[in-house]
Amino acid sequence: MIVVMRLDSGERELNDILERLTELGLTGHLSRGVERTVIGVVGKTYPELRDMLELFPGVDEVVPISKPYKLSSREFQPQDSIIKVGPLTIGGDELVVIAGPCAVESEEQVVETARAVKASGANILRGGAFKPSTSPYSFRGLGEAGLRILARAREETGMPVITEVLTPQDVELVSSYADILQVGARNMQNFILLDEVGKAKKPVMLKRGMSATIEEWLLCAEYILSQGNRQVMLCERGIRTFETYTRNTMDLSAIPIIEKLSHLPIIADPSHGTGKWYLVAPLALAAVAAGADGLMIEVHPTPDSALKDGAQSLTFENFHKLMDQVASVAASVGRKLAGSTKG
Ligand code: PEP
Ligand code: MN
């Protein structure tokens with residue numbers, strides 16, 4: 001349930017309620033909006049609690065949240081969450097573009113890609129150092145050496161970096177290098193990992209599980225939020241369907257659905273969403289038109305010889321072309337590319 005505070009209530013009234021909730025073994029999560037301050041009550045709530053909380057001075061009303069996910073819902077927080085990464089904001093008016101190779105292969109490959117995608121207007125560099133793999137025989141990443149390469153590319157270009165964290169034990173290490181932690185599709189429901197990234201002080205991008213419903217996905221975001229980390233963004237990366245022509249079926253409808261149900265930013269990943277490089281541009285543009293807050297695009301200097309996901313990776317040239325088109329579509333839906341001076 002959520003406790004909506006009166007406009008004229010102060011810190012003292014707020015603290016009294018938070019203390020009472022703690023005494024009752026519940027947790028109060030604060031959301032201070034421009035129009036109202038609310039407390040999201042998490043834990044085992046019961047009908048009498050509502051009557052009791054309504055007696056507190058400063059309380060306007062107590063409303064049950066109808067959804068199983070609470071802190072990620074629009075009911076708890078009507079205004080969009082905005083995540084700050086250096087000078088960038090994710091989830092606001094600007095469209096953010098994350099680009100880079102699937103896997104970190106070498107310093108040369110990453111730095112060259114970082115320079116190229118930055119020159120085309122990308123804002124954040126991606127690259128996996130710890131790679132989840134369907135097959136144990138495919139490339140599993142360079143590990144910490146890969147993280148060092150990402151840090152090097154950040155030094156060279158000034159771009160913040162996002163990279164995947166595979167295990168709860170690696171959260172500290174990956175956080176010491178990354179600007180954003182990625183939780184991959186295969187780990188969406190790794191609840192111990194979610195708890196751990198929930199305690200981290202870094203933004204987290206939670207990718208949708210291959211066969212996850214939107215509700216399951218939002219409940220996973222809830223794990224992170226309920227540990228105190230409010231810097232969560234979601235990433236639609238395609239789901240498994242009966243169709244085999246594409247690697248996954250990019251669920252574009254998830255973008256406006258998330259927008260309706262949740263205040264969390266939503267990023268679209270048409271690279272994993274389709275698995276084919278020539279489908280990346282059309283689906284990227286469609287995702288922007290559908291309201292995505294950002295794109296994640298795999299780019300490689302030589303996709304033919306990539307150690308991972310070459311078939312879905314764009315060349316520098318194709319990425320450059322795509323960025324021009326993205327700028328036009330973004331403008332037509334009232335958005336501007338982050339960091340762009342055009343338009
Ligand atoms: C990735 O981003 O490289 C990745 C492994 O994605 P996913 O978890 O969506 O498969
Ligand atoms: Mn990949």
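Treat the numbers as computed from the prediction; the structure is a model and nothing was measured.

Asks: Sorry if this is basic, but what is going on with the overall build of the protein chain here?
Replies: The number of helices and strands found in the protein chain is 11 helices and 15 strands. In terms of overall dimensions, the protein chain has a C-alpha envelope of 65 × 45 × 45 Å along the principal axes. In the protein chain, which comprises 343 residues, the share counted as buried stands at 54%. Partitioning the contacts of the protein chain with sequence separation of at least 6, the portion at a separation of at least 24 is 69%. A total accessible area of about 14900 Å² is found for the protein chain, and carbon and sulfur atoms account for 53% of it. Positive and negative side-chain charges of the protein chain, numbering 36 and 43 respectively, have mean locations separated by a distance of 2 Å.

Asks: When you look at the site of ligand 1 in this model, what are you seeing that I'm missing?
Replies: Of all residues adjacent to ligand 1, which total 13 residues, the nearest are Arg126, Lys131, Ala185, Arg186 and Arg237. At a separation of 2.9 Å, an oxygen atom of ligand 1 approaches a polar side-chain atom of Gln182. Separating an oxygen atom of ligand 1 from a side-chain N or O atom of Lys207 is a distance of 2.9 Å. For ligand 1, whose free accessible area comes to 300 Å², the fraction covered by protein is 98%. Classifying every residue of the shell around ligand 1 by side-chain character gives three nonpolar, three polar and seven charged.

Asks: Even after reading the chapter, I still don't get the coordination of the manganese ion (ligand 2), so can you show me in this structure?
Replies: Angles between donor atoms at a metal ideally measure 109.5 degrees for a four-coordinate tetrahedral arrangement and either 90 or 180 degrees for a six-coordinate octahedral one. At 2.0 to 2.3 Å from the manganese ion (ligand 2) lie its protein donor atoms, namely Cys102 (SG), His272 (NE2), Glu298 (OE) and Asp309 (OD). Mapping the donors of the manganese ion (ligand 2) onto the primary sequence gives the spacing C-x169-H-x25-E-x10-D. Highlighted residues: His272 in helix α9 (residues 270–274) and Glu298 in strand β14 (residues 294–298), separated in sequence by 26 residues. For the residue pair His272 and Glu298, the accessibility class agrees, reading buried in each case.

Asks: Whenever I open this one, the sheet that holds strand β2 (residues 27–32) confuses me. Can you help?
Replies: Paired through their backbone hydrogen bonds, the strands of a sheet run either parallel or antiparallel. Pairing is antiparallel across the open sheet formed by four strands, whose spatial order is β2-β3-β1-β4. Whereas interior strands pair on both sides, the edge strands pair on one side only; in this sheet they are β2 and β4 (59–63). If you compare each strand with its neighbour and ignore which way they point, the axes differ by 20 degrees on average. Sheet topology note: the strand β1 (residues 2–5)/strand β3 (residues 37–42) ladder contains three bridges and is antiparallel. Considered in β3, the bridge of Val4 is made with Val38.

Asks: Just to check I follow, could you spell out the domain arrangement of the protein chain for this structure?
Replies: Interface extent is often summarised as the accessible area lost during association of the parts. Segmenting the protein chain into domains produces domain 1 (2–63) and domain 2 (83–337). Domain 1 and domain 2 are separated by 36 Å when their C-alpha centres are compared.

Asks: Explain the packing of helix α3 (residues 107–119) against helix α4 (residues 144–157) here, please?
Replies: Between two packed helices, both the angle of their axes relative to each other and the distance between the axes serve to describe the pair. Across the interface, α3 lies against α4 with an axial gap of 9 Å and an inter-helix angle of 40 degrees. Judged by the sense of rotation from one axis to the other, the crossing of α3 with α4 is right-handed. Contacts between α3 and α4 involve Glu107, Val110, Val111, Ala114, Arg115 and Lys118 on the former and, on the latter, Ile149, Leu150, Arg152, Ala153, Glu156 and Thr157. For the contact of α3 with α4, the residue count by class is six nonpolar, one polar and five charged.

Asks: Help me understand the pattern of salt bridges in this model?
Replies: When the charged atoms of two side chains with opposite charge come close together, those side chains can pair. Within the structure shown, the criterion is met by 19 salt bridges. The salt bridge involving Asp309 is made with Arg247; its shortest N-O contact spans 3.1 Å. Placement of Asp309 in the loop between β14 and α11 (316–332) and of Arg247 in the loop between β12 (232–236) and α8 (254–261) is noted, with a sequence separation of 62 residues between them. Of the residues examined, Asp309 reaches a relative accessible area of 19% and is grouped as buried. Take Arg247: its relative accessible area is 38%, and that puts it in the partly exposed class. A salt bridge links Asp293 to Arg335; the shortest N-O distance between them is 2.6 Å. Of this pair, Asp293 sits in the loop between α10 (277–289) and β14 while Arg335 sits in the loop between α11 and β15 (336–337); the two residues are 42 residues apart in sequence, bridging distant segments of the chain.

Asks: Could you clarify how one ought to interpret the side chain of Lys308 in this entry?
Replies: Structurally, Lys308 is set in the loop between β14 and α11. Buried charge Lys308 goes without a salt bridge, the closest partner of opposite sign being Asp309 at 5.7 Å.

Asks: For this particular structure, what's the right way to read α4?
Replies: One full turn of an α-helix is made of 3.6 residues, so residues set three or four places apart face in the same direction. Taking 1.5 Å per residue, 14 residues should reach 20 Å; α4 reaches 20 Å between its end C-alpha atoms and fits that length. Of all the positions in α4, only Gly146, Leu147, Ile149, Leu150, Ala151, Ala153 and Thr157 are classed as buried. Taken together, the buried residues of α4 touch α3, β8 (124–126), β9 (161–164) and α5 (171–175). With its phi angle positive at about 80 degrees, Gly158 sits one or two positions after the end of α4.

Asks: Please clarify how a negative patch on the surface should be interpreted in this entry.
Replies: A cluster of acidic residues, Glu48, Asp51, Glu54, Asp60 and Glu61, forms a negative patch on the protein surface. Elements with a contribution of two residues or more to the negative patch: α2 (47–54) and β4. With three residues, the top contributor of residues to the negative patch is α2. The residue Glu61 is located in strand β4 in this model. The exposure class assigned to Glu61 is partly exposed, which follows from its relative accessible area of 39%.

How each quantity is defined
- Residues numbered from 1 in each chain as written.
- Chains lettered and ligands numbered in written order.
- Predicted model: local features only at pLDDT ≥ 70, side-chain atom pairs only at ≥ 80, totals over all residues.
- Heavy atoms only, no water.
- Helix = DSSP H or I, 4+ residues; strand = E, 2+ residues; numbered from the N terminus.
- Buried < 20%, exposed > 50% of the residue type's maximum accessible area, 1.4 Å probe, protein only.
- Contact = heavy atoms within 4.5 Å.
- Areas by Shrake-Rupley, 256 points an atom, 1.4 Å probe, with all protein chains shown as cover.
- Lys, Arg positive; Asp, Glu negative; His and termini not counted.
- Charge placed at Lys NZ, Arg CZ, Asp CG, Glu CD.
- Near = heavy atom within 4 Å.
- Polar contact = N/O pair within 3.5 Å; in protein donor to acceptor, adjacent residues only side chain to side chain.
- Nonpolar A, V, L, I, M, F, W, Y, C, P; charged D, E, K, R; others polar.
- Donors = N, O, S within 2.8 Å, 3.2 Å for Na, K, Ca; no water.
- Pairing = 2+ DSSP bridges.
- Axes fitted to C-alpha atoms, helices over the stretch in contact; angles between N-to-C directions.
- Domains from an automatic or database assignment.
- Left-handed = near helix turned anticlockwise from the far one by under 90°.
- Salt bridge = Lys/Arg side-chain N within 4 Å of Asp/Glu carboxyl O.
- Expected span 1.5 Å × (residues − 1).
- Patch = residues over 30% accessible without salt bridge, like charges linked within 9 Å, V, L, I, M, F, W, Y side chains within 5 Å.

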